[in-house]
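Working through the structure, step by step
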Amino acid sequence: GFAILLMLLYIWFRFELQFGLGAVAALFHDVFLTFGLIAILGRLGKLEFDLKSVAAILTIIGYSMNDTVVVFDRFRENLRKYKRMPLAEVIDMSINEMLTRTIITSFTAVLALIALALFGGPSLYGLSVIMLFGILVGTYSSIYIAAPVILLWGVKRSDDAAEPLKPADARR
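Residues numbered from 1 in each chain as written. Predicted model: local features only at pLDDT ≥ 70, side-chain atom pairs only at ≥ 80, totals over all residues. Heavy atoms only, no water.

Quick word on the overall build of the protein chain
In terms of helices and strands, the protein chain carries six helices and zero strands. Moving toward the C terminus, one meets the helices and strands of the protein chain in the order α-α-α-α-α-α. In the protein chain, which comprises 172 residues, the proportion classed as buried is 41%. Split by element, the accessible area of the protein chain, about 10,200 Å² in all, is 67% carbon and sulfur. Separation between the mean location of the 16 positive side-chain charges and that of the 14 negative ones in the protein chain comes to 1 Å. (Helix = DSSP H or I, 4+ residues; strand = E, 2+ residues; numbered from the N terminus. Buried < 20%, exposed > 50% of the residue type's maximum accessible area, 1.4 Å probe, protein only. Areas by Shrake-Rupley, 256 points an atom, 1.4 Å probe, with all protein chains shown as cover. Lys, Arg positive; Asp, Glu negative; His and termini not counted. Charge placed at Lys NZ, Arg CZ, Asp CG, Glu CD.)

Structure representation (structure tokens):
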């Protein structure tokens, strides 16, 4: 919990509070789903929760946070470049620009982890399966969890206050 608080403070310092909230939401998503996988596979007798599992979860946290920061950096760059463009369009454009890089990076890691799961033996199986799942979920959450949180909370642009997304009923 303390480490996540420090990550929130770091992202808040480097970007804005909205970005930190999005990153922490994505991080909770990744860790929660990974613990769910461990619980399900543990009940089936396919996986044990041991020190390798803890190492895999910590690696997933680092990977997810790094991927989220890279995506956020593109958001911030495009927010400065396109000051008049609506926030939703800037986020959509930024995600499209980063999608190829994110997919290629994740795919490379996934290939290595599949090889570890298949040929690493029983000692590396749990670690590789947890990390494989975590990288897939972490890649997903950087785009589909963190970005919508920023869209909901709004972002401060120039000297104007942050403009949160209005509910659909309020626009009419």
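Okay, back to it.
A few points about the packing of helix 4 (residues 87-119) against helix 5 (residues 122-144)
Interaxial distance between helix 4 and helix 5 falls to 9 Å at its minimum, and their mutual angle equals 170°. Classified by the angle between their axes, helix 4 and helix 5 sit roughly antiparallel to one another. Facing helix 4, whose interface residues are I95, L99, T102, S106, A109, V110, L113, I114, L116 and A117, helix 5 presents L124, Y125, S128, V129, M131, L132, I135, L136, T139 and I143. Of the residues in the contact of helix 4 with helix 5, the class split is 16 nonpolar, four polar and no charged. (Axes fitted to C-alpha atoms, helices over the stretch in contact; angles between N-to-C directions. Parallel < 35°, antiparallel > 145°, perpendicular 65-115°, else oblique. Contact = heavy atoms within 4.5 Å. Nonpolar A, V, L, I, M, F, W, Y, C, P; charged D, E, K, R; others polar.)

Digging into the pattern of salt bridges
Between side chains of opposite charge, a pair can form as their charged atoms come close. Throughout the structure, instances matching the rule amount to three salt bridges. The residue R76 makes a salt bridge to D73 at a minimum N-O spacing of 2.8 Å. Here the residue R76 and the residue D73 both occupy positions in helix 3 (residues 51-81), the gap between them amounting to three residues, near one helical turn. With relative accessibility at 29%, the residue D73 sits in the partly exposed group. For E97, the salt bridge is made with R74, and the minimal N-O distance between the two is 2.8 Å. Taken together, the residues E97 in helix 4 and R74 in helix 3 connect sequence positions 23 residues apart. By relative accessible area, which is 24% here, R74 ends up partly exposed. (Salt bridge = Lys/Arg side-chain N within 4 Å of Asp/Glu carboxyl O.)

A short note on the packing of aromatic side chains
Under the defined criterion, the tally for this structure stands at six aromatic pairs. The interplanar angle of 25° and the centroid separation of 5.3 Å between the aromatic rings of F15 and F19 together place this pair among those described as stacked. According to the relative accessible area criterion, F15 is buried, its value standing at 10%. When its relative accessible area of 2% is taken as the criterion, F19 is described as buried. Members of the aromatic cluster, connected to one another through ring pairs, are F15, F19, F72 and F75. (Phe/Tyr/Trp six-rings, centres within 6.5 Å; stacked < 30°, edge-to-face > 60°.)

Geometry only, nothing functional implied.
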